[in-house]
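Read off the chains here:
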Amino acid sequence: MIQAIKGTRDILPEEAGKWQLAEATARRVFRRYGFREIRTPIFESTELFARGIGEGTDIVSKEMYTFTDRGGRSLTLRPENTAPVVRAAIEHNLFRRADSERLYYIGPMFRYERPQKGRMRQFHQIGVEAFGSVEPAVDAEVIEMSTVFLQELGIPDTDLAINSVGCETCRPAYRERLREFLAPRLDELCPDCRRRYQENPLRILDCKAGCRRFLDGSPTLLETLDTPCRDHFEAVRRCLEHLGVPHRIEPHLVRGLDYYMRTTFEVLTATLGAQNALLGGGRYDHLVEDLGGPSVPGIGFASGLDRLILSLAPGAGEAAAGPDFFVAVQGAASFDQALRLVRDLRRRGAWAEMDSNPGRSLRAQTRRADQLRARHILFLGEDEIRKGVLTVRRMEGGSQWEVPASDLERLMGEVSLG
Ligand code: AMP
């Protein structure tokens, strides 16, 4: 038997309501802040990610699904979507038309990680990118929007952590201080972190193999920010306070992608265990330029849909359990009339079903209506045809009444649709 690949999963109909709810909530909330949807391809040239995310990152060095196509090009299934959105915006001149473009995306991403609860190899992100402003008020606006999104989804116990990772002017000083601090423990670091120590010690703050235990008492990024970065960070915090967004400073918060600078943030949840980050993001003022575009700053975040779904309340997004109507017939004439009745009910927006086998007994038809958990049965037998009516039975409580067969509006008014 062929099965789904490790780290991928099928989203079955029972769960689809939750996915639809999360996506609809995102669209509704993001629209209020002026974001418009963009859909980019699922694979891109490998170079886009190598340049955009950074060669030394875990994502690029270990986690990408990269392959050579039949034309000999190196392609990669997107591990994230900021670089592709920037590529598309440059390619289609979106920055020339409006230097304050605001875009969002929804779709699958691919990373070769070790699968566990909340961590998949094909996972799904909803993300936003706000281009065109370096102002701290925009950082606060995007962060505030991310919290409204989670609130409107009804996700409890969230915790917003923010930090600043500075810029290319002040970060080298921090790297040096961190190296000095870790030098006596260098031999105890994991092999990856020993390499990171040389190449980019900031990555040690993000180590998944336990090296973070050596960071107690280590210097923090915030202590080494230069004045413009410190002012920016303070202004973001003031704005968040002004907007009533509770947050805490997490001095060791860094993100696994090289393009971030200044503001970084994450929303965690208490309910998910080890993979507890619901969303993460930050500012990337040089990415557009690095990918060959104009000098346009940006800030955004990506939220893991799979984790949002795991955090939703049990009944959230549940669709109606069964049809609004099951039409039960008796006799050949009523079968033909029922075909049209079902069609007309559907055209009016109701979920309507009938048995497609004209020879089925009335008992079998009512049993089927029960199995489907239909909310009403409409009987259409010889009696009803003669009188020009339908007999309606409400399954809950069993009450029964007649309505004129020609007046579906009245029927629809007398029942509430699921
Ligand atoms: P990142 O793109 O690494 O900044 O991640 C942003 C968000 O995507 C995280 O906070 C998670 O919610 C989600 N995410 C990242 N990687 C995975 C994964 N392998 N499986 C499920 N969700 C993920």
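On a predicted model such as this, the values are computed, not experimentally measured, just so you know. Sequence order as written defines the numbering, with residues in each chain counted from 1. Under the rules for a predicted model, residues below a pLDDT of 70 receive no local features and side-chain atom pairs below 80 are neither given nor counted, while totals for whole chains, interfaces and linings still include all residues. Note: side-chain values were computed over all heavy atoms of the structure, leaving out hydrogens and water.

The next point concerns unusual backbone geometry. Backbone geometry places D157, a non-glycine residue, at a positive phi of 55 degrees. Categorising residues by exposure relies on relative accessible area from a 1.4 Å probe, with only protein chains included: less than 20% of the type maximum marks a residue as buried, more than 50% marks it as exposed, and the intermediate range marks it as partly exposed. Overall, D157 belongs to the exposed group, its relative accessible area being 52%. In this structure, R262 takes a positive phi of about 50 degrees despite not being glycine. Segments assigned H or I by DSSP are reported as helices when at least four residues long, segments assigned E as strands when at least two residues long, and all are numbered from the N terminus. Relative to the assigned elements, R262 resides in strand β9 (residues 261–269). The exposure class assigned to R262 is buried, which follows from its relative accessible area of 16%.

Let's shift gears to the nonpolar core. We define the nonpolar core as a collection of buried residues of types Ala, Val, Leu, Ile, Met, Phe, Trp, Tyr and Cys that are connected through side-chain atoms lying within 4.5 Å of one another. Core analysis: the biggest nonpolar cluster contains 46 residues, and F30 and F149 have the highest contact counts within it. Among the elements that make up this core, the one with the highest residue count is helix α6 (residues 136–152) (8 residues). The contact definition used throughout considers only heavy atoms, calling two residues in contact when any of these lie within 4.5 Å. Dropping the residues within four chain positions of it, F149 is found in contact with A22, T25, A26, V29, F30, I126, S303 and L308. Listed in part, the 30 residues of the second largest apolar core include L48, A89, L94 and Y259.

To continue, consider the pairing of strand β16 (residues 400–404). Criterion used throughout: strands pair if DSSP finds at least two bridges between them. Across 5 bridges, strand β15 (residues 389–394) lies against β16 in antiparallel orientation. Within the sheet, the bridge partner assigned to R393 lies in β16 and is Q400. Linking two consecutive strands that pair antiparallel, namely β15 and β16, is a turn of 5 residues; a positive phi of about 95 degrees is found at G397 within it.

Before going further, it helps to spend a moment on the sheet that holds strand β5 (residues 102–110). Reading across from one edge, β1-β5-β6-β11-β10-β9-β7-β8 is the order of the 8 strands in this open sheet, with mixed pairing throughout. Of all the strands in the sheet, just β1 (36–37) and β8 (248–249) have a single pairing partner and so form its edges. Strand direction decides the pairing type here: strand β10 (residues 277–283) and strand β11 (residues 298–304), joined by 5 bridges, are antiparallel. Note that in β11 the partner of L279 across the bridge is S303.

On to the domain arrangement of the protein, then. Where each domain begins and ends is defined by an automated method or by a domain database. According to the domain assignment, the protein contains domain 1 (13–170 + 225–311) and domain 2 (325–414). Domain 1 and domain 2 are separated by 51 Å when their C-alpha centres are compared.

The next subject is the pattern of salt bridges. When a carboxyl oxygen of Asp or Glu lies within 4 Å of a side-chain nitrogen of Lys or Arg, that pair is called a salt bridge. One pass over the full model with this rule turns up 33 salt bridges. Between D192 and R195 there is a salt bridge, with the nearest N and O atoms lying 3.4 Å from each other. Here R195 and D192 lie together in helix α8 (residues 191–199), a separation of 3 residues that amounts to about one turn. What makes D192 partly exposed here is its relative accessible area of 25%. You can call R195 partly exposed: its relative accessible area is 30%. For R343, the salt bridge identified is with D344, shortest N-O distance 3.0 Å. Assessed through its relative accessible area of 22%, D344 is described here as partly exposed. What you see here is one network of salt bridges that share partners, running through D58, K62, D192, R195, R196 and E199.

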